[in-house]
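In case you want the letters, here they are:
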Amino acid sequence: MRWIPPIAPQCKINFDGACFPTEGVIGLGAVIRDASSQVHGALAQRIKFSCSATTMEALACHRAMIFAKDEGVMDCIFEGDAKNIIKAILASYSSHPEYGIVISDILKLAGVFSFCNFSHVKRLGNSVAHFLARYSKSRCELQVWRNSILDDIASLVTCDAL
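About the criteria used
- Residues numbered from 1 in each chain as written.
- Predicted model: local features only at pLDDT ≥ 70, side-chain atom pairs only at ≥ 80, totals over all residues.
- Heavy atoms only, no water.
- Helix = DSSP H or I, 4+ residues; strand = E, 2+ residues; numbered from the N terminus.
- Contact = heavy atoms within 4.5 Å.
- Disulfide = S-S within 2.5 Å.
- Buried < 20%, exposed > 50% of the residue type's maximum accessible area, 1.4 Å probe, protein only.
- Pairing = 2+ DSSP bridges.
- Axes fitted to C-alpha atoms, helices over the stretch in contact; angles between N-to-C directions.
- Parallel < 35°, antiparallel > 145°, perpendicular 65-115°, else oblique.
- Left-handed = near helix turned anticlockwise from the far one by under 90°.
- Nonpolar A, V, L, I, M, F, W, Y, C, P; charged D, E, K, R; others polar.
- Core = buried A, V, L, I, M, F, W, Y, C linked by side-chain atoms within 4.5 Å.
- Phe/Tyr/Trp six-rings, centres within 6.5 Å; stacked < 30°, edge-to-face > 60°.
- Lys NZ or Arg CZ within 6 Å of the ring centre and 35° of its normal.

**Student:** Just to check I follow, could you spell out the environment of Met56 for this structure?
**Tutor:** Topologically, Met56 is positioned in helix α1 (residues 53-70). In this structure the C-alpha to C-alpha distance between Met56 and His96, which are 40 residues apart in sequence, comes to 14 Å. If we skip the residues at most four places from it in the chain, Met56 touches Gly17, Ala18, Cys19, Ile26, Leu28 and Cys51.

**Student:** Help me understand the state of the cysteines, please; the structure alone is not making it clear to me.
**Tutor:** By definition, a disulfide links the sulfur atoms of two cysteine residues through a covalent bond. The tally for this structure, following the rule as stated, stands at 0 disulfides. Counting only cysteine sulfurs, Cys19 is the nearest neighbor of Cys51, a cysteine outside any disulfide, at a range of 6.0 Å. Residue classification places Cys51 among the buried residues on the basis of a relative accessible area of 19%. Here Cys116 stays unpaired: no disulfide links it, and the sulfur of Cys76, its closest cysteine neighbor, is 6.4 Å away.

**Student:** For this particular structure, what's the right way to read unusual backbone geometry?
**Tutor:** Trans is the common state for peptide bonds, and a negative phi is the common state for residues other than glycine. Each neighbour pair has its own omega, and for Ala8 with Pro9 the value is 10 degrees, a cis peptide bond. Mapped onto the fold, Pro9 is located in the segment before β1 (11-20). The phi torsion at Ser37 lies on the positive side, around 70 degrees, for a residue other than glycine. Looking at where Ser37 falls in the secondary structure, it is placed in the loop between β2 (25-33) and β3 (39-48). A positive phi angle, near 55 degrees, is found at Ser92, a position not held by glycine. Looking at the secondary structure, you find Ser92 in the loop between α2 (83-90) and α3 (100-110).

**Student:** Looking at this structure, I do not really get the pairing of β3. What am I missing?
**Tutor:** In the case of a regular strand, side chains alternate between the two sheet surfaces. Both β2 and β3 contribute to a ladder of 9 bridges, which runs antiparallel. Bridged to Val25 within β3 is Lys48. Counting the residues in the hairpin turn of β2 and β3 gives 5 residues, including Ser37, whose phi is positive at 70 degrees. Alignment of β3 against strand β6 (residues 142-146), held across 5 bridges, turns out to be antiparallel. Its bridge partner being in β6, Ala42 is matched across the sheet by Trp145.

**Student:** Can you walk me through the packing of α1 against α2 in this structure?
**Tutor:** Helix-helix packing is characterised by the crossing angle of the two axes and by the distance between the axes. α2 packs onto α1 with a crossing angle of 60 degrees between their chain directions and a minimal axis gap of 9 Å. As the angle between them shows, α1 and α2 are arranged oblique. Viewed along their axes, α1 and α2 form a crossing whose handedness is right-handed. Of α2, the residues touching α1 (which contributes Thr54, Glu57, Ala58 and Cys61) are Asn84, Ile85 and Ile89. For the contact of α1 with α2, a count of residues per class yields 4 nonpolar, 2 polar and 1 charged.

**Student:** Would you explain the nonpolar core in this entry?
**Tutor:** Among soluble globular proteins, nonpolar side chains are generally buried collectively. With 33 residues, the main nonpolar core has Ile13, Met65, Ala68, Phe78, Ile103, Ile106 and Phe118 as its most contacted residues. By residue number, the principal contributor to this core is α1, which donates 8 residues. Beyond its immediate stretch of four places on either side in the chain, Ile13 contacts Ala30, Val31, Ile32, Ala64, Ala68, Val73, Cys76, Ile77, Phe78 and Glu79. In this structure, Val39, Ala44, Leu132 and Ile153 belong to the second largest nonpolar core, which totals 11 residues.

**Student:** How should I be thinking about the packing of aromatic side chains in this particular structure?
**Tutor:** In this description, a pair of aromatic rings is defined by centroid distance and the angle of the planes. Summed over the entire model, instances satisfying the criterion amount to 4 aromatic pairs. Among the aromatic residues, ring-to-ring pairing joins Phe78, Phe113 and Phe118 into one connected group. Lying over the aromatic face of Trp3, Arg33 brings its terminal NZ or CZ to 3.9 Å of the ring centre.

Next comes the structure, spelled out in structure tokens:
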């Protein structure tokens, strides 16, 4: 399934994480798009941190939320490919010993938005965020693109919009 745009005035913020254990880092990626598939912003962040894939995905969601808030996007659908994280958020399950504190922070942060929802998408519908998370591996710690996109992902965004 490919990426599906939100209904205006909402924006969809896709997020993903990538683990690079040999380097001892994780990569977080997020992209903000509107109902006409226009990119409002994109983010790739590398963090020196070692954790499970599930915790990494929760951190990616949390970072995407902070990014959307910082960009002034208040009507949001946060979409990721980690089904267990989306289920935990939707169930308000924050007592997991490994990633519960991150889920708790996500639930608190959700209250900042005018509209905030979470949805699961298969990897194919999350390709831009996935690319950004992997892109962060050998780049500087944080890269942000506002109202533009990285040339390397332009084709992914275009394919999504078809």
